[in-house]
Amino acid sequence: MAARTASDAQTADAQDRKHPVDETLPPFKMFTSGLQHVAAMYAGVVAPPMIVGPAVGLSAKDTAFLMGASLFTAGIATLLQTLGFWRVGARLPFVNGVSFAGVTPMIAIGKDRGYDGVAVIFGAIIVASVLGFVLTPYFSKLVRFFPPVVTGTVITLIGVSLLPVAFNWSQGGNPAADGYGSMKNIGMAALTLVVVLALRRLLRGFLQQIAILLGLVAGTVIALPLGMADFGAFKDAGLVGFPTPFHFGAPQFEIAAIVSMCIVMLVCMTESTADMLALGRIVGRPADERIIEGGLRADTLGSAVSPLFNGFMCSAFAQNIGLVAMTKVRSRFVVAAGGGILLLLGLCPLAASVIALVPLPVLGGAGIVLFGSVAASGIQTLAAAALDKGENALIVAAAVGIGLIPIAAPEFYHAFPKDLLVVLDSGISTGCIVAIVLNLAFNHLGKRAGSDEEQPAGTGKTPEPAAAH
């Protein structure tokens, strides 16, 4: 009887204990951990408007306005994902921001059209996002076609696809700039990488968890006397600035633009699904159909609201998944704090310029660890994917090989129609599609239900989160 009572007490205690995803941290830890997420994704948020603005003919001032608006809308989308309401939000430590997938189509839509071009882009994003929101319940049912052999492949591709971004940052970020790829830039990236690894090895507890943030600060401090930090952002930065709704005019709707952005939305939904599956495994809360449906609703709703505040289409930021894997801080409220910081940065250009002080080579050195952590998580998932059974190894080989084409041979699809390049230039999307199709062909068609190969990604045994350090 006493043994049963003790057992019941342990069961009740386990039920009362919050899952790490739902835990809150002390305010200081919450803020610094959230700031670390912002530092990891800041460059990814401001890069698309920095590219699209000049391409459509906007002035430097208007481009800076777009960058602030992108920070603000990334904060909204991240809060929708982490906190959520009703059936909106994955309620995972999931960071959202401007999707790179839309950069090329947006440039094609608005090239040299100025404010009219931006208005057409925003109109297309609104229509594509509303359509995506409607399709979400049906799209989320595809989760049963994401067993470990598929998810492991896609997660690995996510990490590998992001590594060239870190390498580009390490060289300086702009191939046309003087000093791109110089020993000075690469040396700074290498030094930051060493600092981050040393901090992870020597520190303990909370300081170890924010090793990336400390490494970025240390790298920036070292870069200051070397003249590698750009203070130009401070010149015109005001203390307060609000992204005025429809600053570039009312949205305009053109069929060709809408079709292009609908394709981008499907690509974003595919990548977000893969990212949620990856993050679910890392935090120990596998992403089932309900979680994916909520996450995709947050993606599409955030994207629909974004143009109101002059922002672009929002999607998952895979680099922050690597940060979760590395730090083991799984609380969604930490990422929500990061979303709040993004909102403040969007409302305070001066504060945003402080974050922008971090030189890209410094960010690149830390990015190698972050993005490599994602790939390591995918490899661990593949270890549990029964590659010795059936044709699973062949599925991984073909999907990874095709997914690496845009990385290893960027001009491989140069003769294809531009509309197809939205999908083909994303190794994550092409690898995901190939893995799903081959898994269906080899493990579903003609197979009996209930076989090991058909086990859905969100059920059954879940491998432990990858130890990305």
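Preceding this paragraph is the structure being described.
The structure displayed is predicted, hence computed values, not measured ones.

Caption draft 1: Looking closely at the overall build of the protein chain. Assigned secondary structure in the protein chain consists of 19 helices and two strands. Taken over 469 residues, the protein chain has a buried fraction of 52%. When contacts within the protein chain are restricted to residue pairs at least 6 apart in sequence, long-range pairs at least 24 apart make up 83% of them.

Caption draft 2: Expanded view of the packing of aromatic side chains. The final tally for this structure, using the stated rule, is seven aromatic pairs. Relative to Phe 248, the ring of Phe 65 has its centre 6.0 Å away and its plane inclined at 75°; by these criteria the two rings are edge-to-face. Taken together, the positions of Phe 65 in helix 3 (residues 60–82) and Phe 248 in the loop between helix 9 (211–223) and helix 10 (255–283) put the pair 183 residues apart, joining distant regions of the chain. Centroid distance Phe 72 to Phe 309: 5.3 Å. Interplanar angle 65°. Geometry classified as edge-to-face. Within this pair, whereas Phe 72 is found in helix 3, its partner Phe 309 is found in the loop between helix 11 (289–305) and strand 2 (314–316), the two being separated by 237 residues in sequence. Among the residues examined, Phe 72 registers a relative accessible area of 8% and is labelled buried. Owing to a relative accessible area of 15%, Phe 309 belongs among the buried residues under this scheme.

Caption draft 3: Broad picture of the nonpolar core. By size, the foremost hydrophobic cluster in this structure holds 103 residues, and its most contacted members are Ile 121, Met 261 and Phe 312. Here this core gets 15 residues from one element, more than from any other, and that element is helix 10. Other than its neighbours up to four places away in sequence, Ile 121 contacts Val 52, Val 56, Met 106, Ile 109, Gly 110 and Phe 312.

Caption draft 4: A look at the environment of Arg 332. Mapped onto the elements of the fold, Arg 332 is located in helix 13 (residues 332–347). Taking relative accessible area as the criterion, Arg 332 reaches 12% and is therefore assigned buried. A C-alpha to C-alpha distance of 6.3 Å links Arg 332 and Asp 22, two positions 310 residues apart in sequence. Setting aside chain neighbours within four positions, we find Arg 332 in contact with Val 21, Asp 22, Thr 82, Leu 83, Arg 91, Leu 92 and Pro 93.

Caption draft 5: Examining helix 15 (residues 360–383) more closely. The end-to-end C-alpha distance of helix 15, which contains 24 residues, comes to 34 Å, matching closely the 34 Å that a straight helix rising 1.5 Å per residue would cover. Helix geometry: helix 15 is bent most strongly at Gly 367, by close to 30°. Judged by how many residues are buried, helix 15 sits mostly within the fold: 17 of 24 residues are covered.

Caption draft 6: Here's a closer look at the packing of helix 5 (residues 114–139) against helix 10. Between helix 5 and helix 10, the least distance of the axes is 8 Å, while the angle of their chain directions is 45°. Considering the angle they form, helix 5 stands oblique to helix 10. Pair helix 5 / helix 10 crosses with right-handed handedness. Across the interface between the two elements, Val 120, Ala 124, Ile 125, Val 127, Ala 128, Ser 129, Leu 131, Gly 132, Thr 136 and Phe 139 from helix 5 touch Ala 257, Ile 258, Met 261, Cys 262, Met 265, Leu 266, Met 269, Thr 270 and Thr 273 from helix 10.

Caption draft 7: Expanded view of a nonpolar patch on the surface. On the surface, a cluster of nonpolar side chains totalling about 380 Å² of accessible area is made up of Leu 131, Leu 135, Tyr 138 and Leu 266. Here the nonpolar patch takes three residues from helix 5, the largest share from any one element. The class for Leu 131 is partly exposed, based on a relative accessible area of 40%.

Caption draft 8: Broad picture of the side chain of Ser 99. By the secondary structure assignment, Ser 99 is in the loop between strand 1 (96–98) and helix 4 (103–110). If we ignore the near neighbours within four places in the chain, the residues touching Ser 99 are Cys 268, Met 313, Cys 314 and Ser 315.

Caption draft 9: Here's a closer look at the pattern of salt bridges. For the structure shown, the criterion picks out five salt bridges. Salt-bridge contacts for Arg 113 lead to Glu 254; the nearest nitrogen and oxygen are separated by 2.8 Å. Note that Arg 113 is positioned in the loop between helix 4 and helix 5 and Glu 254 in the loop between helix 9 and helix 10, a separation of 141 residues in sequence. For Arg 113, a relative accessible area of 33% translates into the label partly exposed. Because the salt bridges share partners, they merge into one network encompassing Asp 22, Arg 285 and Arg 332.

Caption draft 10: Examining the environment of Gly 44 more closely. Its place among the elements puts Gly 44 in helix 2 (residues 27–56). The sequence separation of Gly 44 and Phe 317 amounts to 273 residues, and the corresponding C-alpha distance is 8.3 Å.

Caption draft 11: Expanded view of unusual backbone geometry. If you check the backbone angles, Phe 246 has positive phi at about 50° while not being a glycine. Positionally, Phe 246 belongs in the loop between helix 9 and helix 10. You will see that Asn 310, though not glycine, has its phi angle at about 70°, which is positive. With respect to the helices and strands, Asn 310 occurs in the loop between helix 11 and strand 2. For Asn 310, a relative accessible area of 0% translates into the label buried.

Conventions and cut-offs
- Every chain's residues receive numbers from 1 upward, in the order its sequence appears when written.
- Per-residue local features are limited, in this predicted model, to residues with pLDDT of at least 70; the limit for side-chain atom pairs, both in listing and counting, is 80 or more; totals at the level of whole chains, interfaces and linings are taken over all residues.
- To obtain the side-chain values, all non-hydrogen atoms of the structure were included, while hydrogens and water were left out.
- Going along the chain from the N terminus, every DSSP run of H or I of four or more residues is numbered as a helix, and every run of E of two or more is numbered as a strand.
- To sort residues, take the accessible area from a 1.4 Å probe on protein chains only and compare it with the maximum for the residue type: under 20% means buried, over 50% means exposed, and anything in between is partly exposed.
- For this analysis, residues touch if any pair of their heavy atoms sits within 4.5 Å.
- Pairing of aromatic side chains requires ring centres within 6.5 Å, counting the rings of Phe and Tyr and the six-membered ring of Trp. Pairs whose planes differ by under 30 degrees are stacked, by over 60 edge-to-face, and all others tilted.
- Buried Ala, Val, Leu, Ile, Met, Phe, Trp, Tyr and Cys residues that are joined via side-chain atoms within 4.5 Å together make up what is termed a nonpolar core.
- Take the number of residues in a helix, subtract one, and multiply by 1.5 Å to get its expected span.
- What we call the bend at a residue is the angle made by axes fitted to the seven residues finishing there and the seven residues starting there.
- For every element, the axis is a line fit to its C-alpha atoms; helices are fit only across the contacting stretch, and the angle between N-to-C directions ranges from 0 to 180 degrees.
- Oblique is the label for any angle not covered by the other classes, which are roughly parallel (under 35 degrees), roughly antiparallel (over 145) and roughly perpendicular (65 to 115).
- By the definition used in this description, the sense in which the near helix is turned from the far one sets the handedness, with an anticlockwise turn below a right angle giving left-handed and a clockwise turn giving right-handed.
- To count toward a patch, a residue needs a relative accessible area over 30% and no salt bridge; like charges are then connected within 9 Å, while nonpolar side chains (Val, Leu, Ile, Met, Phe, Trp, Tyr) are connected within 5 Å.
- Surface accessibility follows the Shrake-Rupley procedure with a 1.4 Å probe radius. Residue values consider only the protein chains on display as shielding.
- Any carboxyl oxygen of Asp or Glu that lies within 4 Å of a side-chain nitrogen of Lys or Arg is treated as forming a salt bridge with it.

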